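Secondary and tertiary structure notes
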Amino acid sequence: MIPKKRSKISIYAVFCTMLMSALLAAPLSSAYGANIIMTPNPTTVYIDYNGHTQTNLTLKYQVSGDMPFPVGANITTHPDKPWIVATVANPGPTYTVEWSGSQEVESRVDISAGANFSAGEVCIIYINGKVTDSTGGFADRNSTISVIGNPYCRLVANVSNWVDIVPNRIVDIPITVYNYGNCNTFVSTNVTAPSGFEYTVDSTDIRLDAPKFTVNESMPNRTIHLSLMAPKKFYTNEITTLKVKLDGRSAGINRMPQNETVRDTYEFTITLRNRGFYIPGYTFEGLFAALACAGYAYCAYKGKRKC
């Protein structure tokens, strides 16, 4: 019984040896395909209005054993938002990598932004790499970069640059403020008035929401009312100027990575011209009316003296 058992064990051992020999005899290259690893650094970047940034890109051909080196790799970029343009190592967007006996190549992705994006909006740049090796094997690999839009403030105001005024009478000057930035914005109003003038602003600190950047959209706006009164000694046809400064600052989101509030200012000058006349107790609008009333008052005064 013992010899028969040894015979069965020997046959099994021979079979296993033959199977292992067949596996080892197979070419190593058939066990693996061409491969590329794309590593952006950093993987998240911030970009400003009409700004530019970049990230490094390491392209590594993955080797296991005696694999053949690739003939080349075709790298393309595909941002998922229209306000971002990405190119690989200038001249993109298509870039061909050539390996010359080396397993690793350093490149970069250049990124530029347009204007119509919201603060904090995220764009994903998909990087696609198609690699082919000398045996005809190929692989299709992807990597991503996240691009976050920074806030920017841009104020525009619509106001009359020439205002007629009369002494000792309040005049209302409407100032329409528009938000052309990409973030919600607080706007404060600062007025520098000539000596003797009195003024008030109905909203010294207002909030303007960000535009949505849709087709035919009217930019968000609000109207500030500046109430102004000229002094009594503001002579007919006299001209002076009023200076207004709008100071905007981003609300709720800061520029990164600096973590700073974004600001913008808009300054303008309003020319003031007196079109009236003041005598104690009376204000007249218009030069002729003022002269007529002054003449009437003078005649009345002379008449009383004759009495």
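All residue numbers refer to positions counted from 1 along the written sequence of the respective chain. Per-residue local features are limited, in this predicted model, to residues with pLDDT of at least 70; the limit for side-chain atom pairs, both in listing and counting, is 80 or more; totals at the level of whole chains, interfaces and linings are taken over all residues. The basis for the side-chain values is all heavy atoms of the structure; hydrogens and waters are excluded.

**Points about unusual backbone geometry**
Applied cut-off: Note on conventions: DSSP H or I runs of at least 4 residues are helices, E runs of at least 2 residues are strands, and numbering of each starts at the N terminus.
For the bond running from asparagine 41 to proline 42, omega is 0°, close enough to zero to count as cis. Summarising the element assignment, proline 42 is placed in the loop between strand E1 (36-41) and strand E2 (44-47). Look at the link from methionine 256 to proline 257: it is a cis peptide, with omega at 5°. Position of proline 257 relative to the elements: it lies in the loop between strand E17 (239-250) and strand E18 (263-274).

**Some thoughts on the packing of aromatic side chains**
For clarity, the cut-off: Centres within 6.5 Å make a pair out of two Phe, Tyr or Trp rings, where for Trp the six-membered ring is used; the pair is then stacked when the planes are under 30 degrees apart, edge-to-face when over 60, and tilted otherwise.
With the rule as written, the count across this model stands at five aromatic pairs. A network of ring pairs unites the aromatic residues Tyr49, Trp83, Phe117 and Tyr152 as a single cluster.

**Digging into the sheet that holds strand E5 (residues 84-88)**
So the rule is basically this: Should DSSP find at least two bridges between two strands, the strands are taken to pair. Simply put, an axis is a line fit to the C-alpha atoms, just over the touching stretch for a helix, and the angle between two N-to-C directions goes from 0 to 180 degrees.
The antiparallel open sheet is built from four strands, whose spatial order is E1-E3-E7-E5. Sheet topology places E1 and E5 at the edges, where each strand pairs with a single neighbour. Direction aside, the axes of adjacent strands within the sheet are offset by 25° on average. Relative to strand E7 (residues 104-113), E5 runs antiparallel, the two sharing five bridges. Within the sheet, the bridge partner assigned to valine 88 lies in E7 and is valine 109.

**Examining the sheet that holds strand E13 (residues 185-192)**
In a beta sheet, neighbouring strands pair by backbone hydrogen bonds and run either parallel or antiparallel. Pairing in this open sheet of five strands is mixed, and the strands run E11-E18-E17-E13-E15 from one edge to the other. For this open sheet the edge positions go to strand E11 (162-165) and strand E15 (205-208), each flanked by a neighbour on one side alone. Neighbour-to-neighbour, the strand axes of this sheet turn through a mean angle of 30°, independent of strand direction. Two strands pair when backbone bridges link them, and E17 and E18 are joined in this way by 11 bridges, in the antiparallel orientation. Opposite aspartate 247, over in E18, you have threonine 265 as the bridge partner.

The quantities given are spatial measurements derived from coordinates; they are silent on function.
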